[in-house]
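# Secondary and tertiary structure notes
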Amino acid sequence: DIQFGDAGEYIRGDGTDLKIYSSNDIQLNTTGNTILDSDMYINGGNNYSQLVIKGAGAESGIRFKDSDNNTEGWVYANSYGVGFLDEDGHWTIKAQNNTGIYFYTNNGTEHMQILNSGDVKVTTHLAVGTTFADAHLGSKSIHTVGYIDITGNGGLSFNDNSSTGYFYESNV
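Residues numbered from 1 in each chain as written. Predicted model: local features only at pLDDT ≥ 70, side-chain atom pairs only at ≥ 80, totals over all residues. Heavy atoms only, no water.

### Considering the overall build of the chain
Defined as follows: For helices the rule is a DSSP run of H or I covering at least 4 residues; for strands it is a run of E covering at least 2, with both sets numbered from the N terminus onward. Burial classification: accessible surface area is computed with a 1.4 Å probe over protein chains only, and a residue below 20% of its type maximum counts as buried, one above 50% as exposed, and the rest as partly exposed. Note on contacts: a residue pair qualifies if any of its non-hydrogen atoms lie within 4.5 Å across the two residues. Computed with a 1.4 Å probe, the accessible areas rest on the Shrake-Rupley method; for each residue, only the protein chains presented here act as cover.
The helix and strand inventory of the chain stands at 0 helices and 15 strands. Counting every position in the chain, which comprises 172 residues, the buried fraction comes to 12%. Taking all contacts inside the chain whose residues are at least 6 apart in sequence as the whole, residues at least 24 apart take part in 1%. A total accessible area of about 13800 Å² is found for the chain, and carbon and sulfur atoms account for 49% of it.

Encoded structure:
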């Protein structure tokens, strides 16, 4: 064992494993990359386990690469959201604090929002299958710039608090 400071800090190696013991934080400070060629485990203490990644600025993340060193995607956070980026670095899912969850495809083109108010906004085409045919939206609404497709035996009702109207399509 190599012991540092008090009895709670030491390095132990048995020829197969190398273990670092600390009664507080362990920091790896390097100007280059720290490369681990095997799995890394975090064994939790009394609270929940966590891996803290602290960026030098307003953003940080985890990049996933394949064996050919190609980027496959990110878990990413910045000052206005946290979520997933695709292999080109464009948002696919972004959770924005006190605002909503946003869904993207095609190099960051937004297609859907779930807002903190509970409203769902679809920016192009909303397809509702037969499993949703009897869904009742109450006073909430679905906003779409495009059109709504209802397949199977289904209907769509509208209520403006003064009158109620229905559209119904049957594939008889």
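### Quick word on the packing of aromatic side chains
Inclusion rule: Classification of ring pairs rests on two measures: the distance between centres of Phe, Tyr or Trp rings, Trp counted by its six-membered ring, which must be within 6.5 Å, and the angle between planes, read as stacked under 30 degrees, edge-to-face over 60 and tilted in between.
Scanning the model with the defined rule gives 2 aromatic pairs in all. With a centroid separation of 4.5 Å and 20° between ring planes, the pair formed by Tyr-10 and Tyr-21 is classed as stacked. In this pair, Tyr-10 is assigned in strand S2 (residues 10–13) and Tyr-21 in strand S3 (residues 18–21), connecting sequence segments 11 residues apart. Exposure remark for Tyr-10: the relative accessible area of 17% places this residue in the buried category. Aromatic pair Tyr-76 and Trp-91: ring centres 5.4 Å apart, planes at 65°, arrangement edge-to-face. With a gap of 15 residues between them, Tyr-76 in strand S5 (residues 71–78) and Trp-91 in strand S7 (residues 91–96) connect regions that are remote in the sequence. Note on Tyr-76: relative accessible area 15%, which makes it buried.

### A few points about unusual backbone geometry
Here the phi dihedral of Asn-106 falls at roughly 50°; this positive angle occurs in a residue that is not glycine. Positioned with a positive phi, Asn-107 is a non-glycine residue whose angle comes to about 60°.

### With respect to the confidence of the model for the chain
Keep this limit in mind: Known as pLDDT, the predictor's per-residue confidence is scaled from 0 to 100.
A residue-level look at the chain finds 70% of positions with pLDDT of 70 or above and a mean pLDDT of 75. Of all the helices and strands in the chain, strand S15 (residues 164–169) carries the lowest mean pLDDT, 50, while S7 carries the highest, 96. Scored below 50 in pLDDT, residues 128–141 makes 16 contacts in the model with residues more than four places away or belonging to other chains. Confidence over residues 168–172 falls short of pLDDT 50; this stretch has 9 contacts with residues more than four positions distant or in other chains.

### Looking at a nonpolar patch on the surface
Our working definition: Exposure above 30% relative accessible area and no salt bridge define the residues that can form patches, which grow by joining like charges within 9 Å and nonpolar side chains of Val, Leu, Ile, Met, Phe, Trp and Tyr within 5 Å. One speaks of a salt bridge when a side-chain nitrogen belonging to Lys or Arg is within 4 Å of a carboxyl oxygen belonging to Asp or Glu.
A contiguous nonpolar patch, built from Ile-42, Leu-51, Ile-53, Ile-62 and Phe-64 and spanning about 430 Å² of accessible area, is present on the exposed surface. By the secondary structure assignment, Ile-53 is in the loop between S3 and strand S4 (60–65). Using a relative accessible area of 38% as the deciding quantity, one classes Ile-53 as partly exposed.

### Quick look at the side chain of Lys-94
Filter applied, for reference: Only four residue types enter the tally: Lys and Arg on the positive side, Asp and Glu on the negative side, with His and both chain ends excluded. Distance and chemistry together define a polar contact, namely a pair of N or O atoms within 3.5 Å, with one atom able to donate a hydrogen and the other to accept it when in protein, and with adjacent residues in sequence counting only for side-chain atoms on both sides.
With respect to the helices, strands and loops of the structure, Lys-94 is situated in strand S7. Lacking a salt bridge, the buried Lys-94 has Glu-110 as its closest oppositely charged neighbour, with an N-O distance of 6.5 Å. Among the polar contacts made by the side chain of Lys-94, one reaches the side chain of Tyr-104 at a distance of 3.5 Å. With sequence-adjacent residues up to four places away left out, Lys-94 is seen in contact with Tyr-80, Gly-81, Val-82, Gly-83, Gly-100, Ile-101, Tyr-102 and Tyr-104.

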